[in-house]
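For reference, the chains in residue letters:
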Amino acid sequence: MRIDRIRMDGMKDLAESRRRIDEIDARIAELYEERLAISGDVAEYKIANHRPVLDKRREEEKLTRLEAMTDDAFLRQGVRELFEQIMSVSRKKQYRLLAEHGMSEDLGFYEIEDYDFPSARVVYQGVRGAYSQAACKAFFREGCASMEPVETWRDAMEAISNGEADYAVLPVENSTAGIVTENYDLMMEYQAVIVGEQIIRIDHALLGLPGAKISDIRRVYSHPQALAQCEGYLRNIHPDFEAYSLKNTAMAAKKVMEDKDPSQAAIAGSINAQIYGLVVLDQAIQDIKGNETRFIVVSPKREYTSGAKNVSIAFSLPNESGSLYRVLSHFIFNGLSMTRIESRPLRGKKWEYTFFIDFEGNLREEAVMNCLQGLKEETEEMFILGTF
Ligand SMILES: O=C(O)C(=O)C[C@]1(C(=O)O)C=C[C@@H](O)C=C1
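Reading guide: rules and limits
Residues numbered from 1 in each chain as written. Predicted model: local features only at pLDDT ≥ 70, side-chain atom pairs only at ≥ 80, totals over all residues. Heavy atoms only, no water. Helix = DSSP H or I, 4+ residues; strand = E, 2+ residues; numbered from the N terminus. Contact = heavy atoms within 4.5 Å. Polar contact = N/O pair within 3.5 Å; in protein donor to acceptor, adjacent residues only side chain to side chain. Domains from an automatic or database assignment. Pairing = 2+ DSSP bridges. Right-handed = clockwise from strand over helix to strand, strands pointing away. 1 Å grid on protein atoms, 1.4 Å probe; cavity = no way out; pocket = protein on both sides within 12 Å on 5 of 7 lines; lining within 4 Å. Points joined across faces, edges and corners; volume = space filled by probe spheres on them. Nonpolar A, V, L, I, M, F, W, Y, C, P; charged D, E, K, R; others polar. Buried < 20%, exposed > 50% of the residue type's maximum accessible area, 1.4 Å probe, protein only. Arc of directions from axis to C-beta. Near = heavy atom within 4 Å. Core = buried A, V, L, I, M, F, W, Y, C linked by side-chain atoms within 4.5 Å.

Novice: An account of the environment of Ile214 is requested, with residue identities and associated values reported.
Specialist: Within the fold, Ile214 resides in the loop between strand S7 (204–208) and strand S8 (219–222). Along the primary structure Ile214 and His50 are separated by 164 residues, whereas in three dimensions their C-alpha atoms are 73 Å apart. The residues touching Ile214, leaving out its near neighbours within four places in the chain, are Leu206, His238, Phe241, Leu281 and Asp282.

Novice: Before we move on, can you summarise the side chain of Gln264 with the specific residues and values?
Specialist: Here Gln264 is to be found in strand S10 (residues 264–269). Among the polar contacts made by the side chain of Gln264, one reaches the side chain of Tyr221 at a distance of 3.4 Å. Engagement of the side chain of Gln264 in a polar contact is seen with the side chain of Asp259, the distance being 3.5 Å. Apart from the residues within four sequence positions on either side, Gln264 is in contact with Leu207, Gly208, Ile217, Arg219, Tyr221, Lys255, Val256 and Asp259.

Novice: So what about the domain arrangement of the protein? Which residues, and what values?
Specialist: When its domains are assigned, the protein resolves into domain 1 (2–100), domain 2 (204–282) and domain 3 (306–388). Averaged C-alpha coordinates put domain 2 and domain 3 at centres separated by 43 Å.

Novice: Let's hear about the pairing of strand S2 (residues 121–125): which residues, and what values?
Specialist: A regular strand places its side chains on the two faces of the sheet in alternate fashion. Relative to strand S3 (residues 146–150), S2 runs parallel, the two sharing five bridges. By the bridge assignment for S3, Val123 is matched with Glu148. Remark: the S2/helix H4 (residues 131–139)/S3 crossover connection has right-handed handedness. As paired strands, S2 and strand S4 (residues 167–174) are joined by three bridges and run parallel to one another. Across the sheet, the residue bridging to Val122 is Tyr167, located in S4.

Novice: Let's hear about the layout of surface pockets: which residues, and what values?
Specialist: Of the volumes computed, that of the largest pocket is approximately 730 Å³. Around the largest pocket, the lining is made up of 29 residues, and of these Gln125, Trp153, Pro171, His223 and Gln225 lie nearest the centre. Every element with two or more residues in the lining of the largest pocket is listed here: H4, helix H5 (153–161), S4, strand S5 (178–179), helix H7 (224–229) and strand S12 (292–299). Looking at the lining of the largest pocket residue by residue, the class counts come to ten nonpolar, 14 polar and five charged. Of the volumes computed, that of the second largest pocket is approximately 400 Å³. For the lining of the second largest pocket, the elements supplying multiple residues, two or more each, are helix H2 (56–67), helix H3 (73–100), helix H11 (323–333) and helix H12 (366–378). Sorting elements by how many residues they give to the lining of the second largest pocket places H2 first, with four residues. For the lining of the second largest pocket, the per-class residue count stands at five nonpolar, two polar and eleven charged.

Novice: Explain the environment of Arg128 to me, and be specific about the residues and the numbers.
Specialist: Its place among the elements puts Arg128 in the loop between S2 and H4. C-alpha separation for the pair Arg128 and Tyr221, spaced 93 residues apart in sequence, amounts to 17 Å. If near-sequence neighbours (up to four positions away) are discounted, Arg128 is found in contact with Gln133, Met147, Glu148, Pro149, Ala250, Asn272, Ile275 and Tyr276.

Novice: How would you summarise helix H9 (residues 249–259) if you had to cite specific residues and measurements?
Specialist: Buried residues of H9: Thr249, Ala250, Ala252, Ala253 and Val256, and no others. Viewed end-on, H9 has its buried residues packed into an arc of 160 degrees, placing them on one side of the element. Where H9 is buried, its residues meet H4, S7, S8, H7, S10 and helix H10 (271–276). Put simply, Asn248 is the residue that caps the front of H9, since its side-chain oxygen is 3.3 Å from the backbone nitrogen of Ala250. Immediately downstream of H9, the backbone of Lys260 shows phi near 55 degrees, a positive value.

Novice: Please set out the site of the ligand residue by residue, giving values where relevant.
Specialist: What surrounds the ligand is the set Arg35, Val42, Lys46, Val53, Leu54, Asp55, Arg58, Glu59, Met87, Ser90, Arg91 and Gln94. Between an oxygen atom of the ligand and a side-chain N or O atom of Arg35, the distance comes to 2.9 Å. Within the contact set of the ligand, an oxygen atom lies 2.9 Å away from a side-chain nitrogen or oxygen of Gln94. The biggest single contributor to the shell around the ligand is H3, with four residues. Of the residues that constitute the shell around the ligand, the class distribution is four nonpolar, two polar and six charged.

Novice: How would you summarise the nonpolar core if you had to cite specific residues and measurements?
Specialist: Counting residues in each nonpolar core, the largest one holds 41 residues, and the members touching the most others are Phe140, Tyr167, Ile313, Phe359, Leu363, Leu372 and Ile384. Non-local contacts of Phe140, meaning those with residues more than four positions away in its chain, are made with Phe117, Val122, Met147, Tyr167, Val169 and Val297. Counting 23 residues, the second-largest nonpolar core is a separate cluster that includes Tyr184, Met188, Tyr190 and Ile296.

Take a look at the structure:
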């Protein structure tokens, strides 16, 4: 009986507390609306006087002043967080007003009807038969003017930046091994623009000379990465094979063809069988099935088409608590869906990073413009890597 009464009292208290909270919230909402309207006036002033939206000093002064209004450590932290949020939304409103006045920063990209792929000169790293060539063929399936191999990824970037080629195709991520860090770094160095991407299934095959049987094989050649991806197959099914590393998988196929020794085999994509006159002795021998690599197609031109559905950006942030959290709020606030986030150490700056983010959208969309405007002002440096 007593316990019941206590609970009843408690319930009464809860209802009363909630009524009071509702009252306070209504006042906060009203004041918030009033505050946001004044923020609009500030934006008008800033637009007229070409002042940036973000004023870090003003925000920090305000937060310090508000914190000083209480001695309670918990309250101080709460007040800081609350007003950080209030000012963050205030900035987002100002970015919108800027865009409405056509004052958003020029992103330096121009829209074109379509890419002229049929007359494109394309380069990829490796030799004929490399997975990069398979990616080129899949992406430019309607055809292109030329498709030439170059020795290194840097050579591919050089070729597009000095005008020898129009597009370079580079691997950026493997579903088993993760990102190809070097190509992220090259993207930043050359400021190349992504115009498309192509995912290629990486199935390794065991290739031998025509007439050779698996039981003849003693030596296998391949790229170390491919040998590693087939490590279980080699260890468990063919423990008697001796494995040798070469510079790439297509080169391994070429060697087997040239040496004409039926005890040699290559581990490479099955496309190499046709290219080098070999036969497929065994298919999909990698340990992890469904192994895929994502390639990007890059150009030196800052173009995009109206059909683009993804935006790829990179930015750096100061090594400060909450800096990434604040930047990500622009995606959430503008209802944009992020599909990828990666980070790379910033060269020469210990513990500072460049972040790479892909999200769904097109540069013409208002939500995308508002988000990018915020990022441009609130990151140290922001680059649009492409929209495709
Ligand atoms: O005082 C300004 O300059 C404003 O734009 C207002 C405001 C705020 O909402 O308090 C918003 C953005 C600035 O970074 C600083 C403060």
